[in-house]
Amino acid sequence: VYTPMKRVSWFNTTVGAIPGALPPMCGWAAASGNLNVGAWVLFAILFVWQHPHFYAIAWMCKDDYRNAGLKMLSVVSPAGTFRQTIIYSVILIGISVLPVITGMAGHRYAVGAVVLGLAMLAVALVFARTKTLLDARRLLKASVIYLPLLVGLMILDRL
């Protein structure tokens, strides 16, 4: 659905984030034999994280998308790209503390998750302000660093 939808609507990114967020649920189910709240928390984090991550990529590739006739947000609404990047970066901060609320992690994780989220939001805000390829790359790098650090915090918090 995701790939053909690129020719129809910019909403393809959100649709594509669903299968992109399923792997941790599969791992959770394989390890625990169920899909309880922890699986859904991991799904939510990855689902939300993919948006700023991909919007940075979409900005860097906007000319290629335009030339291919794809309806990516960076093509149909550049301003929407920056708005969505900021919205999802803010949501990511809130979603990232769900492990604390659900008992999957403690307060050390919470502090680290908020700090990481604020750092990612800061990079996203710079990208939204400058609208440059360089800052899109910086956001992409920040997102790639963010996710393993967040998971690492979950693991360290349980030790």
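Cut-offs used in this document
- Residues take numbers from 1 onward in each chain, read along the sequence in its written order.
- Only residues with pLDDT of at least 70 get local features here, since the model is predicted, and only at 80 or more are side-chain atom pairs given and counted; chain-wide, interface and lining totals rely on the full set of residues.
- The basis for every side-chain value is the complete set of heavy atoms in the structure, and neither hydrogens nor water enter the calculation.
- Each helix corresponds to a stretch of at least 4 residues labelled H or I by DSSP, and each strand to a stretch of at least 2 residues labelled E; elements are numbered beginning at the N terminus.
- Here the globule rule reads 2.2 Å times residues to the power 0.38, and the radius of gyration is calculated from C-alpha atoms.
- To sort residues, take the accessible area from a 1.4 Å probe on protein chains only and compare it with the maximum for the residue type: under 20% means buried, over 50% means exposed, and anything in between is partly exposed.
- Any pair of residues with heavy atoms lying within 4.5 Å of one another is described as a contacting pair.
- For the accessible areas, the method is Shrake-Rupley and the probe is 1.4 Å, while residue cover comes only from the protein chains on display.
- Aromatic rings from Phe, Tyr and Trp, with only the six-membered ring used for Trp, were paired whenever their centres fell within 6.5 Å, and each pair was classed as stacked if the ring planes differed by under 30 degrees, edge-to-face if by over 60, and tilted otherwise.
- The rule is short: NZ of Lys or CZ of Arg within 6 Å of the ring centre and within 35 degrees of the ring normal puts a charge over the ring.
- Values of pLDDT, ranging from 0 to 100, describe the predictor's confidence in every residue of the model.

### Some words on the overall build of the chain
- Within the chain, the regular secondary structure consists of ten helices and zero strands.
- Along its sequence from the N terminus, the chain presents helices and strands in the succession α-α-α-α-α-α-α-α-α-α.
- What you see for the chain is a C-alpha radius of gyration of 16 Å, in line with the 15 Å of a compact globule of 159 residues.
- Across its three principal axes, the chain shows a C-alpha extent of roughly 50 × 30 × 20 Å.
- Relative to its 159 residues, the chain shows a buried fraction of 46%.
- At a minimum sequence separation of 6, the contacts of the chain that also span at least 24 residues come to 69%.
- For the chain, the accessible area works out to roughly 8,000 Å², and carbon and sulfur atoms hold 72% of it.

### Some words on the packing of aromatic side chains
- Under the counting rule described, the total for this entry stands at six aromatic pairs.
- Note on Trp40 and Phe43: the rings are 5.8 Å apart at their centroids and 65° apart in plane angle, and the pair reads as edge-to-face. Linking Trp40 with Phe43, this pair stays in helix α4 (residues 37-60), spanning three residues, or about one helical turn.
- Counting every residue linked through ring pairs, the aromatic cluster contains Trp40, Phe43 and Phe47.
- One cation-aromatic arrangement involves Lys62 over Trp59; the distance from NZ or CZ to the ring centre is 4.1 Å.
- Here Lys131 stacks its cationic end above the ring of Phe82, 4.9 Å away from the centre of that ring.

### Notes on unusual backbone geometry
- Backbone geometry at Lys131 places phi at a positive 60°, although glycine is not the residue there.
- Here Lys131 is to be found in the loop between α9 (107-130) and α10 (133-158).
- When its relative accessible area of 41% is taken as the criterion, Lys131 is described as partly exposed.

### Here's the deal with the confidence of the model for the chain
- Of the residues in the chain, 100% reach a pLDDT of 70 or more, and the chain-wide mean stands at 96.
- Within the chain, the element-level pLDDT minimum falls on helix α1 (residues 2-5), averaging 86, and the maximum on α9, averaging 98.

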